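Each chain is listed here by its residues.
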Amino acid sequence: MPTANAGFWYNADGTVGKYGDAPFYVEYYGYSEDYPEDEKTFYVGTMPGVAEFLVEYPAKMGFIANGKIFMYNLTIAVNTMSVATEMRPNETNATITFDHEAVMTALGISSMSEATLVNVNADGTLTEGNYTANSGWWYNADGTIGSWPDAAYAVEYYWGTEEWPEDDYTLYIATMGTLESGDVKTAHLGFKVGEKILYLNVTLNIVEPIVVKGEIVNTYDAAVSFTASAEEYTGDGYEINVEEVCAALGIESLADAIVFGIDPNDPSGYSYAYTANNGFWFNADGSIGTYGEAVFFAEFDGEKTINLGQMPGKLAAGETYNCKLGLYSLNDKMVMFNFDITIK
């Protein structure tokens with residue numbers, strides 16, 4: 001008896017399995033006037049969370065007629081990696097990490113810089129280069145390549161440098177703040193080396209907004225300083241007393257905290273619509289700004305450090321600035337950080 005629509009789910013060892021537990025399926029639909037290509041096509045798919053990346057799975061499927069059997073020995077190689085993240089309405093920046101070591105192994109390269117980033121279009125064709133974002137593409141709401149400012153979201157990949165090695169395994173997500181709760185947006189990328197392609201499916205889930213409210217249980221005043229530069233993103237880091245802050249927020253790890261900004265020009269006071277990576281760009285008056293227009297940023301690394309830095313060419317020695325950043329827990333407790341910044 002078939003265990004898939006017109007074929008079988010298979011276990012990792014090639015025996016027939018069942019939906020939910022088996023890692024992949026093979027289906028054959030036969031000829032029809034509407035889909036004549038089905039007569040010569042096997043359809044293969046995987047079970048998310050069960051099929052393993054870079055594993056080759058065996059399967060056998062055959063045809064029987066007139067007492068004779070014609071058997072196909074199939075090998076299913078999983079060359080698609082899937083990653084996902086959640087954002088809230090009006091958030092404009094997020095990051096997703098992926099296993100770049102596995103990508104390099106699959107492609108036989110020693111550096112991600114040896115691969116070319118491509119977009120896999122709905123018709124299976126590839127878009128190579130022709131970026132509509134800085135190093136990637138803006139996408140329309142239907143997932144087709146679009147352009148700023150009419151598109152809905154963007155996915156960018158920068159490859160690692162000595163200064164930013166984490167870029168080797170990080171995708172940068174941007175939105176125009178127009179997505180709504182319940183939206184699911186995708187991008188289908190690939191890393192190409194010669195004729196080899198490893199596919200990377202990206203899913204962006206827009207979830208319900210968070211209302212930041214509650215008791216401010218502690219406030220920390222901190223002074224940081226860094227050097228002005230016309231070319232580099234110079235900055236400084238502030239290390240959080242993790243044990244003390246977690247105790248104040250009633251959480252076990254700062255990974256459970258939500259970063260928010262405080263905008264003196266916003267009547268609501270608090271903002272979680274990130275304009276930087278898990279943080280915010282700030283204007284000279286301490287209000288929340290956007291990349292390119294704002295002059296400095298504050299970002300939480302998700303573990304114990306708030307990194308502050310400048311937009312190259314925006315600041316000068318002797319200037320002083322202030323910004324406020326907070327961590328919020330879902331049990332309605334907040335910790336505030338008040339930063340006085342001096343430019344050297």
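The structure this text deals with has already been given above.
As a starting point, this report considers the structure included with it. What you are looking at is a predicted structure, and each value in this text was computed from that prediction instead of being measured. (Residues numbered from 1 in each chain as written. Predicted model: local features only at pLDDT ≥ 70, side-chain atom pairs only at ≥ 80, totals over all residues. Heavy atoms only, no water.)

**So, the overall build of the chain**
Heads up, the condition is: Starting at the N terminus, helices and strands are each numbered in turn, a helix being any DSSP run of H or I of at least four residues and a strand any DSSP run of E of at least two. Burial here depends on accessible area, computed with a 1.4 Å probe over protein chains only, as a share of the maximum for the residue type. Under 20% is buried, over 50% is exposed, and the range in between is partly exposed. Contacts are assigned to residue pairs with any non-hydrogen atoms lying within 4.5 Å of each other. Per-residue accessibility takes into account occlusion by the displayed protein chains alone, with areas from the Shrake-Rupley method and a 1.4 Å probe. In summary, the charge assignment counts Lys and Arg as positive and Asp and Glu as negative, without counting His or the chain termini. Taken as the charge location is NZ of Lys, CZ of Arg, CG of Asp or CD of Glu.
Along the backbone of the chain there are 2 helices and 26 strands. Considering only C-alpha atoms, the chain reaches an extent of 90 × 40 × 35 Å along its principal axes. The buried share of the chain, taken over its 344 residues, is 42%. When contacts within the chain are restricted to residue pairs at least 6 apart in sequence, long-range pairs at least 24 apart make up 52% of them. Of the accessible surface of the chain, which amounts to about 18000 Å², a share of 48% is contributed by carbon and sulfur atoms. Averaging the locations of the 14 positively and 49 negatively charged side chains of the chain gives two centres separated by 6 Å.

**Description of the pattern of salt bridges**
Rules: When a carboxyl oxygen of Asp or Glu is within 4 Å of a side-chain nitrogen of Lys or Arg, the pair counts as a salt bridge.
Counted according to the given criterion, the structure contains 2 salt bridges. In this structure, the salt-bridge partner of aspartate 21 is lysine 18, at a minimum N-O distance of 3.7 Å. Like aspartate 21, the residue lysine 18 is exposed in the burial classification. Note that lysine 304 and glutamate 239 form a salt bridge whose closest N and O atoms lie 4.0 Å from each other. Note that lysine 304 is positioned in the loop between strand 23 (296-300) and strand 24 (305-310) and glutamate 239 in strand 18 (residues 235-239), a separation of 65 residues in sequence. On the basis of relative accessibility, which here comes to 53%, the residue glutamate 239 falls in the exposed class.

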